[in-house]
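The primary structure of each chain is shown beneath.
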Amino acid sequence: MKLSPSLLAADFARLAESVARVEAGGVDMLHLDVMDGNFVPNISFGAGVIGALRPHSKLFFDVHLMIDRPERYIADFVKAGADGITFHIESTGDPDGVIEQIRAAGCRVAVALSPKTPVETVLPYLNRCDMVLVMTVEPGFGGQSLMPETLEKARALRAEITRRGLATDLQADGGIGAKNLAAVLDAGVNVVVAGSAIFGAPDPTAAIAAMRAVENA
Ligand code: DX5
Ligand code: ZN
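The paragraphs below set out a description of the structure included in this document. Fair warning: this is a prediction, and the values are worked out from it, not measured in the lab.

1. Observations regarding the coordination of the zinc ion (ligand 2)
Next, step 1: Protein-derived coordination of the zinc ion (ligand 2) comes from His31 (NE2), Asp33 (OD), His64 (ND1) and Asp173 (OD), at a distance range of 2.0 to 2.2 Å.
Next, step 2: Given 6 donor atoms and angles of 70 to 169° at the metal, the environment of the zinc ion (ligand 2) is assigned as octahedral.
Next, step 3: Expressed as a motif, the donor residue spacing for the zinc ion (ligand 2) is H-x1-D-x30-H-x108-D. With respect to burial, His31 and Asp33 carry one shared label: buried.

Listed below in structure tokens is the structure:
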């Protein structure tokens, strides 16, 4: 399991400190949720904040774009220091172009699907993506509860990845913590995002350890 804590739940006045703490606690990536107030009804932060954090961390920067027409901004996020860029299949009329742009910039490419979006929508792009992100809540806000039916989509995607003999990572995002991690991993997910369960915990280091304990149980 690769663990990718979502910065959305961190103290925005102490970002570098918060990142250093989870980095020392043994996570694999940093999940950066970019929201534009259009694709989702909330605004978070953009490339400026990501670029400011970049010199403070060696973690893989896992940038999750929840923005309309991401093709307009890929270059900005690459320049800011993204290692991987995830865009929503629902957010662009040109998924092939976005995949190409991200790939050409030397970043890992991922496509995301919201809870209501059928799995079939991303299947044509599976072979060209390094990762698929199954949203386990409606995108837009941290701190929501995982929708159990979304795990069936993860299961179907894992089956298809295996059937095609691909090495594609499968990420789940939204409402995940130690309490439901076993079910998420059982669905075939190998990259786990957790916002409130880690940055929102009184002791993020202990929260990471609790998730590792579930992984190793
Ligand atoms: C939701 C974001 C998630 C969110 C996760 O739109 O994509 O990454 O911050 O936060 P929790 O783990 O609190 O649901
Ligand atoms: Zn996210």
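We are not done yet, so read on.
2. Side note on unusual backbone geometry
Where the residue is not glycine, phi is negative for most of them; where a peptide bond is considered, it is trans in most cases.
Next, step 1: Look at Arg69: it is not a glycine, yet its phi comes out positive at around 45°.
Next, step 2: Within the secondary structure, Arg69 sits in the loop between β3 (60-66) and α3 (74-80).
Next, step 3: You can call Arg69 partly exposed: its relative accessible area is 47%.

3. Observations regarding the sheet that holds strand β6 (residues 131-135)
Next, step 1: Ordered by their spatial adjacency, 8 strands build an open sheet running β1-β8-β7-β6-β5-β4-β3-β2, and the pairing between neighbours is parallel. Each edge of the open sheet is held by one strand with a lone partner, namely β1 (2-5) and β2 (29-35). Neighbour to neighbour, the strand axes of the sheet diverge by 20° on average, direction disregarded.
Next, step 2: Across the sheet, helix α5 (residues 149-163) touches β5 (108-113), β6 and β7 (169-173), and the angle it forms with β6 is around 165°.

4. A few points about the environment of Arg108
Next, step 1: Mapping Arg108 onto the fold places it in strand β5.
Next, step 2: Looking at Arg108, the relative accessible area reads 35%, which means it is partly exposed.
Next, step 3: Residues Arg108 and Gly84 lie 24 residues apart in sequence; the distance between their C-alpha atoms is 4.3 Å.
Next, step 4: For Arg108, the side chain forms a polar contact with the side chain of Asp169, separated by 3.0 Å.

Reading the values: the criteria
Residues numbered from 1 in each chain as written. Chains lettered and ligands numbered in written order. Predicted model: local features only at pLDDT ≥ 70, side-chain atom pairs only at ≥ 80, totals over all residues. Heavy atoms only, no water. Donors = N, O, S within 2.8 Å, 3.2 Å for Na, K, Ca; no water. Tetrahedral: all angles 85-135°; square planar, octahedral: opposite > 155°, others 65-115°. Buried < 20%, exposed > 50% of the residue type's maximum accessible area, 1.4 Å probe, protein only. Helix = DSSP H or I, 4+ residues; strand = E, 2+ residues; numbered from the N terminus. Pairing = 2+ DSSP bridges. Axes fitted to C-alpha atoms, helices over the stretch in contact; angles between N-to-C directions. Contact = heavy atoms within 4.5 Å. Polar contact = N/O pair within 3.5 Å; in protein donor to acceptor, adjacent residues only side chain to side chain.

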